[in-house]
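# Overview (structure and organization)
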Amino acid sequence: MNRFYSRWLAASIVVGIGLGGAMAAAAQTAAGSTQRDVNQQQRIEQGLKSGQLSTAEAARLEQGQAHVDRMQQHALGDGSLSAGEQARLTAAQNRQSHAIRAERHNGVNGNPQSRSSRRMQRDVARNVHQQSRIEHGVQSGALTAHETARLEGRQAHAAQVEQRAARDGHLGPHEQRHIQRVDQRDSRSIYRKKHNGRVVG
């Protein structure tokens, strides 16, 4: 083995270790971020069930969730997460957390037994489930940062569809069927990306 090749091999190993460490760090940060997504969606669902949130309020909060998901998509799209991106993402999630609290304690009540609220409850429960599957994939290493970014983009789209459908405070059966079709496509995408053999190494 000549001296040049030895140096090249040593440098390659160092770079590989560095890249592996950066990918692992991005995955760990993504795991914390996706866990917050699960928590936020659970709080929206609980607010609907308790009557603290009306259908229209939940729709506004889904708009906020869509914004956070888009930020995750852009931040993780290159496979890494800089300190600045992490700080901006944390700030956005903190704002969303405050918004959920404000909407749940503003004295405006919803009717959890109304058809619109029950439909919205089911839609948000699916959001919780989808985000939990993404979070599990990140934690287990089954989802790379790139894959997580694409899935968060899909979650942003789903939340946007819910917001548009329910922003007037009414969520009808036709609107819910459209939301369900979007969710089913997203569910299949989560399954494919978790089982495609790509893992965080």
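Attention here is on the structure that accompanies the text. Owing to the predicted nature of the structure, the values given are computational and were not obtained by experimental measurement.

### What to know about the packing of helix H2 (residues 55–76) against helix H5 (residues 145–166)
Taken N-terminus to C-terminus, the directions of H2 and H5 make an angle of 160 degrees; their axes are 7 Å apart at the nearest point. Here H5 runs roughly antiparallel to H2, going by the angle between their axes. In this structure, H2 crosses over H5, and the sense of that crossing is left-handed. In terms of residue class, the contact of H2 with H5 is made up of nine nonpolar, eleven polar and five charged.

### Here's the deal with the nonpolar core
Nonpolar side chains tend toward joint burial in soluble globular proteins. Ile44, Leu48, Met120 and Leu171 are the most contacted members of the largest nonpolar core, which has 16 residues in total. When contributions to this core are tallied by element, the ones reaching two or more residues are helix H1 (3–50), H2, helix H4 (115–140), H5 and helix H6 (173–194). Among the elements that line this core, the one with the most residues is H5, at four residues. Formed by six residues, the second largest nonpolar core is a distinct cluster that contains Ala31, Val138, Leu151 and Ile190.

### So, the side chain of Thr144
The residue Thr144 is located in the loop between H4 and H5 in this model. Look at Thr144 and you get buried, because its relative accessible area is 11%.

### Quick word on H4
With 26 residues, H4 ought to run about 38 Å at 1.5 Å a step, and its terminal C-alpha atoms sit 38 Å apart, in line with that. Remark: Gly141 follows H4 within two positions and exhibits a positive phi of approximately 85 degrees.

### Overview of the packing of H2 against H4
Relative orientation of the contacting elements H2 and H4 amounts to 20 degrees, with a least axis distance of 10 Å. What the angle tells us is that H2 and H4 run roughly parallel. The hand of the H2/H4 crossing is left-handed. In contact with Thr55, Ala58, Ala59, Glu62 and Asp69 of H2, H4 contributes Ser116, Ser117, Met120, Val124, Asn127 and Gln131. Classifying every residue of the contact of H2 with H4 gives four nonpolar, five polar and two charged.

### Observations regarding the side chain of Gln40
In this fold, Gln40 is placed in helix H1. Here Gln40 falls in the buried class, since its relative accessible area comes to 4%. Beyond its immediate stretch of four places on either side in the chain, Gln40 contacts Gln65, Gln93, Gln96, Ser97 and Ile100.

### Structural notes on H5
Relative to the 32 Å expected for 22 residues at 1.5 Å per residue, H5 spans 31 Å between its end C-alpha atoms, a close match to the ideal helical length. Taken across its 22 residues, H5 has 16 buried, putting it largely inside the fold.

The rules behind each value
- The numbering scheme is per chain: residues are counted from 1 as the chain's sequence reads.
- Since the coordinates come from a predicted model, pLDDT governs what is reported: local features require at least 70, and pairs of side-chain atoms require 80 or more to be given and counted, while whole-chain, interface and lining totals use all residues.
- With hydrogens and water stripped out, all remaining heavy atoms of the structure feed into the side-chain values.
- The axes used here are C-alpha line fits, helices contributing only the stretch in contact, and every angle between their N-to-C directions lies in the interval 0 to 180 degrees.
- Strands are runs of DSSP state E lasting at least two residues, helices are runs of H or I lasting at least four, and both sets are numbered from the N terminus onward.
- With respect to orientation, any angle under 35 degrees is reported as roughly parallel, any angle over 145 as roughly antiparallel, any angle of 65 to 115 as roughly perpendicular, and every other angle as oblique.
- Crossing handedness is defined as follows: a turn of the near helix away from the far one that is anticlockwise and smaller than a right angle gives a left-handed crossing, while the clockwise case is right-handed.
- The nonpolar class holds Ala, Val, Leu, Ile, Met, Phe, Trp, Tyr, Cys and Pro. Asp, Glu, Lys and Arg form the charged class, and all remaining residues, Gly among them, are polar.
- The set of buried Ala, Val, Leu, Ile, Met, Phe, Trp, Tyr and Cys residues whose side-chain atoms join them within 4.5 Å is what this entry labels a nonpolar core.
- Only protein chains enter the accessibility calculation, which uses a 1.4 Å probe; a residue is then buried when its area is under 20% of its type maximum, exposed when over 50%, and partly exposed in between.
- The span one expects for a helix is its residue count, reduced by one, times 1.5 Å.
- Throughout, a contact is declared for two residues whenever any of their heavy atoms are within 4.5 Å.

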